[in-house]
Amino acid sequence: MPGITREEVAHLARLARLELRDEELDHFAGQLDDIIGAVARVSEVADQDVPPTSHPLPLTNVMRADEVRPSLTPEQALSGAPAQEQQRFKVPQILGED
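Here the residue numbers are simple positions, counted from 1 along each chain's written sequence. With the structure being a predicted model, the display of local features is reserved for residues of pLDDT at least 70 and the display and counting of side-chain atom pairs for 80 or more, all residues being used for whole-chain, interface and lining totals. To obtain the side-chain values, all non-hydrogen atoms of the structure were included, while hydrogens and water were left out.

For the protein, an unreviewed UniProt entry supplies the name Aspartyl/glutamyl-tRNA(Asn/Gln) amidotransferase subunit C and the organism Streptomyces sporangiiformans. UniProt positions are given in the numbering used here, feature names are shortened, and annotations may be inferred rather than shown by experiment. In the Sequence similarities (unreviewed entry) part of its UniProt record, the protein is described as follows: "Belongs to the GatC family." Per its UniProt entry, the protein bears the Subunit (unreviewed entry) comment "Heterotrimer of A, B and C subunits."

Okay, here's the thing in structure tokens:
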């Protein structure tokens, strides 16, 4: 597999609107070549009997049942509020909307 050329790095830099010096083009060409080689090695490891996954370990959500339980009354919840209106916390307006 041929390596990444300076011209290809310069083209990518132009697409990304990056200004690179000549020594950076050479440096990044080598780095991009190493990255492409690493990705190629990973794809060699993947086999037909290994299903694609998003995580190496299975994930499950642990959720409790949604049950109605005793809770605070509106009066209890608002008892420590500095200001309240229509059984709601009253706070200063910040968005300039009614």
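Once the structure has been displayed, the description carries forward.
J.: Please provide a residue-by-residue account of unusual backbone geometry, values included.
T.: Even without being a glycine, Gln 86 presents a positive backbone phi close to 50°. Strands are runs of DSSP state E lasting at least two residues, helices are runs of H or I lasting at least four, and both sets are numbered from the N terminus onward. Looking at the secondary structure, you find Gln 86 in the loop between β1 (84-85) and β2 (88-89). Classification of Gln 86 by relative accessible area gives exposed; the value is 64%. The phi torsion at Gln 87 lies on the positive side, around 55°, for a residue other than glycine. Only protein chains enter the accessibility calculation, which uses a 1.4 Å probe; a residue is then buried when its area is under 20% of its type maximum, exposed when over 50%, and partly exposed in between.

J.: Outline helix α1 (residues 6-15), supporting the account with residue identities and numerical values.
T.: Of the positions making up α1, those classed as buried are Val 9, Ala 10 and Ala 13. What you see down the axis of α1 is that its buried residues fit within an arc of 100°, all on one side. Looking at α1, the residues exposed on the side facing more than 90 degrees away from the buried face are Glu 7, Arg 14 and Leu 15. Any pair of residues with heavy atoms lying within 4.5 Å of one another is described as a contacting pair. Of the surrounding secondary structure, the elements contacted by the buried residues of α1 are α2 (22-45). Phi for Arg 17, located one or two positions after α1, is positive at around 60°. Directions are taken from the helix axis to each C-beta atom, and the arc is the one they span.

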